[in-house]
Amino acid sequence: VLSALCESSTMYDVLGLEPSATAHDIKKSFRDLALKWHPDKWFSEGGPFEGLTPEEVSDDDRDRARAHWYGILSAHELLSDDARRAAYDDTTVNQGRLLEELRARHGDAWGPHCQST
């Protein structure tokens, strides 16, 4: 049922955005995702459980949908605050880019033990 859920590596991924997203992009993406993932919308058109009754949805699926919703809320909260977003970018996004550049330059010599987030 929840095949649309995927592992996201950054808060930008959670909102389906690039790190260059504007404040308007963040707000719009959050609004669009809230129309689908807010618990009040789960059984509505476009929601993750569209066409199902509450009895047809397992507790595990509800828990995954709830966790996804809280991930969306957290990403929006962090990325909407300029100071927190800048700190996040410095510690997460930019480090991931650096790791990718090192892998591109050094290939396997960089080693599989180093995974970007």
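These notes cover the structure that comes with them. Keep in mind it's a predicted model, so treat the numbers as computed, not measured.

**Examining the side chain of Asp 89**
Logical step 1: Tracing the chain through its elements places Asp 89 in helix α4 (residues 82-106).
Logical step 2: Despite being buried, Asp 89 has no salt bridge partner; Arg 85 is the closest side chain of opposite charge, sitting 4.1 Å away.
Logical step 3: At 2.6 Å, the side chain of Asp 89 and the side chain of Tyr 12 are in polar contact.
Logical step 4: Residue contacts for Asp 89: discarding those within four places in its chain leaves Tyr 12 and Asn 94.

**Quick word on the nonpolar core**
Logical step 1: Ranked by size, the top nonpolar core spans 21 residues in total, and within it Leu 15, Ile 72 and Leu 79 carry the most contacts.
Logical step 2: Listed by contribution, the elements that provide at least two residues to this core are α1 (11-14), α2 (23-37), α3 (59-80) and α4.
Logical step 3: With six residues, the single largest contributor to this core is α3.
Logical step 4: Not counting the four nearest positions on each side in its chain, Ile 72 is found in contact with Val 14, Leu 15, Phe 30, Leu 33 and Trp 37.

So, how was this worked out
Residues numbered from 1 in each chain as written. Predicted model: local features only at pLDDT ≥ 70, side-chain atom pairs only at ≥ 80, totals over all residues. Heavy atoms only, no water. Helix = DSSP H or I, 4+ residues; strand = E, 2+ residues; numbered from the N terminus. Buried < 20%, exposed > 50% of the residue type's maximum accessible area, 1.4 Å probe, protein only. Lys, Arg positive; Asp, Glu negative; His and termini not counted. Salt bridge = Lys/Arg side-chain N within 4 Å of Asp/Glu carboxyl O. Polar contact = N/O pair within 3.5 Å; in protein donor to acceptor, adjacent residues only side chain to side chain. Contact = heavy atoms within 4.5 Å. Core = buried A, V, L, I, M, F, W, Y, C linked by side-chain atoms within 4.5 Å.

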